[in-house]
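If you want the building blocks of each chain, they are given just below.
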Amino acid sequence: MTAPDTLSERQDFDSLLPAARLDRRGFVTTLVAAGFALAVQPVQASTMITTASTGLSTGEATIDVSGDSLPVYFARPADAVGKLPVVLVVQEIFGVHEHIRDVCRRLAHQGYLAVAPELFFRQGDPSKLENVGEIIQSIVSKVPDAQVMADLDACAAWAVSAQGGDPDWLAVTGFCWGGRITWLYAAHNPALKAGVAWYGRLDGAPSESTPQHPIDVVDKLHAPVLGLYGGQDQGIPLDDVRMTQEALQKAGSASMIHVYPDAPHAFHADYRPSYRKDEAEDGWKRLLDWFARHRA
């Protein structure tokens, strides 16, 4: 059970429920809301970023994973020459909705092959549920970390075999639930080159599905991780951030954590009231610099 993330998500979304209804901008609001999970509506159309797919090859596919069909969204430069560096994009608790797809397109415009898998597909469809608590209780709490690691491995292999990905360069980035997964995947896959974790939970009580947390694996990271965290995050205590920073330093890790003192949880989520433009843009620049640095 991901209780700290639950708290963050509940607080961010108290002002969003119930779901969107038509107003004088109703038609526009309805169009903007298309492609987003029910639990996040109404979306913040005034701040939401929409990245065009011009010059990109984008689409949906399925990957066979032990007899299951894992759905993915991908984006890549349309006319790329040579092997493309691969970035796995790990969702929030809401699934691969339009914001995660947009992140993939942003990465593709920077020359990456970005792949976002629907990591809850066996447990249910979070986009159809109307509140955060139900998503966590009926879906997220039932998703084992081991299953997620295997699915990400399958995505990395598929990116190379089916989409022209570079077998020698793989990175991962994730948001909230996906931020925690980013740290864990960096400890899981020895082929990984870099990771960027956006406000992912760092500590918590172990369970059968989630036996370890990022603070438990800082000395096992195969690739350097950049953590981007908000100083006003009500679900991820700054004490956890400081303890993780100290553990990374003690382990001699190349990973690091940057804290935005005034930012709340989900400050990169431009479709939500938690969005903070300056911190989100700075974090995105740091992500691109981090990936570029570890491609050298």
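Thresholds, definitions, all that
Residue positions are counted from 1 within each chain, in the order its sequence is given. Predicted model: local features are reported for residues with pLDDT of at least 70 only, side-chain atom pairs are reported and counted for 80 or more only, and whole-chain, interface and lining totals are derived from all residues. The side-chain figures draw on all heavy atoms in the structure; neither hydrogens nor water molecules are used. Going along the chain from the N terminus, every DSSP run of H or I of four or more residues is numbered as a helix, and every run of E of two or more is numbered as a strand. When accessible area is computed with a 1.4 Å probe and restricted to protein chains, residues below 20% of their type maximum are described as buried, those above 50% as exposed, and intermediate ones as partly exposed. Contacts between residues were defined by any pair of non-hydrogen atoms, one from each residue, lying within 4.5 Å. What sets the accessible areas is the Shrake-Rupley method with a 1.4 Å probe; for residues, cover comes only from the shown protein chains. In plain words, nonpolar cores are sets of buried Ala, Val, Leu, Ile, Met, Phe, Trp, Tyr and Cys residues tied together by side-chain atoms within 4.5 Å. Axis angles are defined between N-to-C directions and span 0 to 180 degrees, where every axis is a line fitted to C-alpha atoms and, for a helix, only to the segment in contact. Between 65 and 115 degrees an angle is taken as roughly perpendicular, under 35 as roughly parallel, over 145 as roughly antiparallel, and anywhere else as oblique. Whether a crossing is left-handed or right-handed is set by the direction in which the near helix is turned from the far one by less than a right angle, anticlockwise for left-handed and clockwise for right-handed. Residues are grouped as follows: Ala, Val, Leu, Ile, Met, Phe, Trp, Tyr, Cys and Pro are nonpolar; Asp, Glu, Lys and Arg are charged; every other residue, Gly included, is polar. A 1.4 Å probe that fits but cannot get out identifies a cavity on a 1 Å grid over protein atoms alone, an open set with protein on both sides within 12 Å along at least five of seven lines counts as a pocket, and a residue lines either if it has an atom within 4 Å of a point. Grid points are joined across faces, edges and corners, and a volume is the space filled by probe spheres set on the points. We call Phe, Tyr and Trp rings a pair once their centres come within 6.5 Å, taking the six-membered ring for Trp, and we label the pair stacked below 30 degrees between planes, edge-to-face above 60, and tilted otherwise. In this scheme, the term charge over a ring applies when either NZ of a lysine or CZ of an arginine sits within 6 Å of the ring centre and within 35 degrees of the ring normal. One less than the number of residues in a helix, times 1.5 Å, gives the span that helix is expected to have.

K.L.:
Any chance you could explain the overall build of the chain here in plain terms?
P.N.:
Counting secondary structure elements, the chain contains eight helices and eight strands. Here the chain, with 296 residues, has 55% of them falling under the buried criterion. Look at the contacts in the chain between residues 6 or more apart in sequence, and 74% of them connect residues 24 or more apart. Working note: accessible area of the chain is about 12,300 Å², and carbon and sulfur atoms make up 50% of it.

K.L.:
Could you clarify how one ought to interpret the nonpolar core in this entry?
P.N.:
The tendency in soluble globular proteins is for nonpolar side chains to be buried side by side. Judged by nonpolar contacts, the single largest core of 93 residues is most densely connected at Leu88, Val89, Leu107, Trp177 and Phe291. Examining the composition of this core, we find that eight residues originate from one element, helix 5 (residues 145-163), more than from any other. With near-sequence residues (within four places) excluded, Val89 lies in contact with Ile100, Val103, Cys104, Leu107, Ala114, Val115, Ala116, Pro117, Thr173 and Phe175.

K.L.:
Can you walk me through the packing of helix 3 (residues 98-109) against helix 8 (residues 277-293) in this structure?
P.N.:
Relative placement of two packed helices is described by the angle separating their axes and the distance separating the axes. One way to put it is that helix 3 packs onto helix 8 with a least axis distance of 12 Å and a crossing angle of 50°. One finds that helix 3 runs oblique with respect to helix 8. Every pair of crossing elements has a handedness; the one defined by helix 3 and helix 8 is right-handed. Of helix 8, the residues touching helix 3 (which contributes Val103, Arg106 and Leu107) are Trp284, Leu287 and Phe291. Looking at the contact of helix 3 with helix 8, its residues break down into five nonpolar, no polar and one charged.

K.L.:
Explanation requested: empty space enclosed by the protein in the structure shown.
P.N.:
Any empty space left between atoms is shown by rolling a water-sized probe over those atoms. Summed over all chains, the structure comprises two cavities of 30 Å³ or more. Forming the walls of the second largest cavity are Phe36, Met48, Ile49, Thr50, Glu98, His99, Asp102 and Asp270. Partitioned by chemical class, the residues of the lining of the second largest cavity number three nonpolar, two polar and three charged.

K.L.:
What should I look at first to understand the packing of aromatic side chains in this one?
P.N.:
Within a pair of aromatic rings, the relevant descriptors are the distance that separates the centres and the angle that separates the planes. All told, the structure shown has 11 aromatic pairs when counted by the stated rule. Taking the centre distance of 5.4 Å and the plane angle of 20° together, the rings of Phe175 and Trp198 count as stacked. Placement of Phe175 in strand 5 (residues 165-175) and of Trp198 in strand 6 (residues 194-198) is noted, with a sequence separation of 23 residues between them. A single burial state applies to Phe175 and to Trp198, both of which are buried. Ring geometry for Tyr260 against Phe267: centres 5.3 Å apart, planes inclined by 65°, an arrangement best described as edge-to-face. Here Tyr260 matches Phe267 in class, with each residue buried. Every member of this aromatic cluster is reached through a ring pair, and the members are Phe175, Trp198, Tyr199, Tyr260 and Phe267. Here Arg106 stacks its cationic end above the ring of Trp284, 6.0 Å away from the centre of that ring. A cation sits over an aromatic face here: Arg295 above Trp169, 5.8 Å from the ring centre.

K.L.:
Can you walk me through helix 6 (residues 177-188) in this structure?
P.N.:
Given 3.6 residues per helical turn, the α-helix brings residues three or four places apart onto the same face. Here helix 6 contains 12 residues, and its C-alpha end-to-end distance of 17 Å stays within 8% of the 16 Å for a straight helix at 1.5 Å per residue. Where burial is concerned, most of helix 6 is hidden: 11 out of the 12 residues are buried.

K.L.:
Explain unusual backbone geometry to me, please; I cannot follow it from the model alone.
P.N.:
Most peptide bonds adopt trans geometry, and most residues besides glycine take a negative phi value. In this structure, the amide linkage connecting Gln41 to the following residue, Pro42, adopts the cis form with an omega of 5°. Secondary-structure assignment places Pro42 in the loop between helix 2 (26-33) and strand 1 (56-65). Backbone geometry places Ser66, a non-glycine residue, at a positive phi of 55°. Of note in the backbone geometry, Tyr199 takes a positive phi value of approximately 40° without being a glycine. With respect to the helices and strands, Tyr199 occurs in the loop between strand 6 and strand 7 (225-230).

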